[in-house]
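Here's the letter readout for the chains.
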Amino acid sequence: MALKDILPSRLGFGAAPLGNMFRDIPEDEARATVEAAWTDGIRYYDNAPFYGAGLAEIRMGDALKDKPRGEYVISTKVGRYILDEIEDVSAREQGEKAGVFSHGLPNKVVNDYSHDGTLRSIEQSLKRLKTDHIEIAFVHDLAQDFWGDRWLEKFEEARNGAFKALDRLRDEGVIKAWGLGVNKVEPIELVLELDEPKPDAFLLAGRYTLLDHDKALQRVMPMVAERGLGVVVGGPYSSGALVGGPNFEYAPIKPDMAAKIARIKAIADRHGVSMKAAGLQFSLANPAVAAVIPGASQPSRIAEDSAALKEIVPADFWQELRAEKLVNPAAPLPV
């Protein structure tokens, strides 16, 4: 089934902040954020066991448990399961994401891309999410930013384990779609070159944004579109950098990126365009993109995202970005 046929809308909810990403979010604030998303009409929710060692799934499950299950879509990730035992959070092996969820639960996180580990991961997620099914499963962080030089070894583990398990679950109707949930383009290229198995969709975080899209534009997006598949764009604000946050790619913004953001902001201000509108609408202009899932940890952010999607952005704004070489000349622009 095509991703666009599964997703109820082009704006979804990215739940990473609910796992206490970068800060300790109070329970009532997390709950109110999910409630705000529901009230605003958002019906696609993305999650992962990795987000606070299950905390984001627990919070989302509590917030959605009384909503009509047939009215919303959930995607979550496999590749990890959570144990009852406690571990030293600072000692976790997390590659470039080290410390991002240091305020999450201290439960031991086990990385496992095997067939049985995948089934265990889904079973645990269903309990935390308080549901009997998920629509989409993404194999999480199967890339060099998390695994370094070992990423191809982990890819092989998943190819012989998680991929086959998810293929079977889809064929049996347990899930509607599966794919990779990654922050790099190379794993998507690699899986698309395989004869078997056949993924349906991809969650690509941070690689098709206004600030960083060149590499994905060259190969991944055309390959996905040619096969009739779809991409969910995660992190459309580049860890908040685009909209005034201090981080880009989970780390403090470097001077050259800060300068690029300032140039975009100056053009946006001249045209009366919000940076959120610029970010969301740029990502969605690519025909391979089925949805964007900005993260939110405060209710007010939900209304801002929804308004940004509806904002009228003048064509002159996009043309000026292109003239100033702030977007790739081949990138599709909103019309």
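Everything in this summary refers to the structure shown in the same document.

Before going further, it helps to spend a moment on helix H11 (residues 275-284). Counting buried residues along H11, ten of its ten residues qualify, which places the element largely inside the surrounding structure. Those residues of H11 lying buried are Met275, Lys276, Ala277, Ala278, Gly279, Leu280, Gln281, Phe282, Ser283 and Leu284. In this structure, the buried residues of H11 make contact with strand E9 (230-234), helix H10 (255-271), strand E12 (289-293), helix H12 (299-310) and helix H13 (315-323).

Our next topic: the sheet that holds strand E1 (residues 13-14). The strand order across the open sheet built from eight strands is E1-E2-E3-E6-E7-E8-E9-E12, with neighbouring strands paired in parallel fashion. Two strands lie at the open edges of the sheet, namely E1 and E12, each paired on one side alone. Of the strands in this sheet, strand E7 (177-182) and strand E8 (201-205) are in contact with helix H8 (residues 186-193), which crosses E7 at around 145°.

Tallied over the entire structure, the rule returns 29 salt bridges. Arginine 170 serves as the salt-bridge partner of aspartate 200, at 3.0 Å between the closest nitrogen and oxygen. Separated by 30 residues along the polypeptide, aspartate 200 in the loop between H8 and E8 and arginine 170 in helix H7 (residues 162-171) bring together distant segments of the chain. Residue classification places aspartate 200 among the buried residues on the basis of a relative accessible area of 10%. Here arginine 170 falls in the buried class, since its relative accessible area comes to 17%. As a salt-bridge pair, lysine 265 and aspartate 269 come within 3.0 Å of each other at their nearest N and O atoms. Of this pair, lysine 265 and aspartate 269 both sit in helix H10, separated by four residues, roughly a single helical turn. Looking at lysine 265, the relative accessible area reads 36%, which means it is partly exposed. Relative accessible area serves as the criterion here: at 46%, aspartate 269 is assigned to the partly exposed category. Taken together, the shared-partner salt bridges in this structure form one network comprising Asp167, Arg170, Asp171 and Asp200.

Below, the discussion takes up the packing of H10 against H13. Viewed as axis vectors pointing N to C, H10 and H13 meet at an angle of 155°, and their least axial separation amounts to 10 Å. With respect to H13, the element H10 is oriented roughly antiparallel. Relative to H13, H10 is oriented so that their crossing is right-handed. Residue-level contacts link Ile264, Ile267, Ala268, Arg270 and His271 of H10 to Asp316, Phe317, Glu320 and Leu321 of H13. Looking at the contact of H10 with H13, its residues break down into five nonpolar, one polar and three charged.

Calculation notes
- Residues numbered from 1 in each chain as written.
- Predicted model: local features only at pLDDT ≥ 70, side-chain atom pairs only at ≥ 80, totals over all residues.
- Heavy atoms only, no water.
- Buried < 20%, exposed > 50% of the residue type's maximum accessible area, 1.4 Å probe, protein only.
- Helix = DSSP H or I, 4+ residues; strand = E, 2+ residues; numbered from the N terminus.
- Contact = heavy atoms within 4.5 Å.
- Pairing = 2+ DSSP bridges.
- Axes fitted to C-alpha atoms, helices over the stretch in contact; angles between N-to-C directions.
- Salt bridge = Lys/Arg side-chain N within 4 Å of Asp/Glu carboxyl O.
- Parallel < 35°, antiparallel > 145°, perpendicular 65-115°, else oblique.
- Left-handed = near helix turned anticlockwise from the far one by under 90°.
- Nonpolar A, V, L, I, M, F, W, Y, C, P; charged D, E, K, R; others polar.

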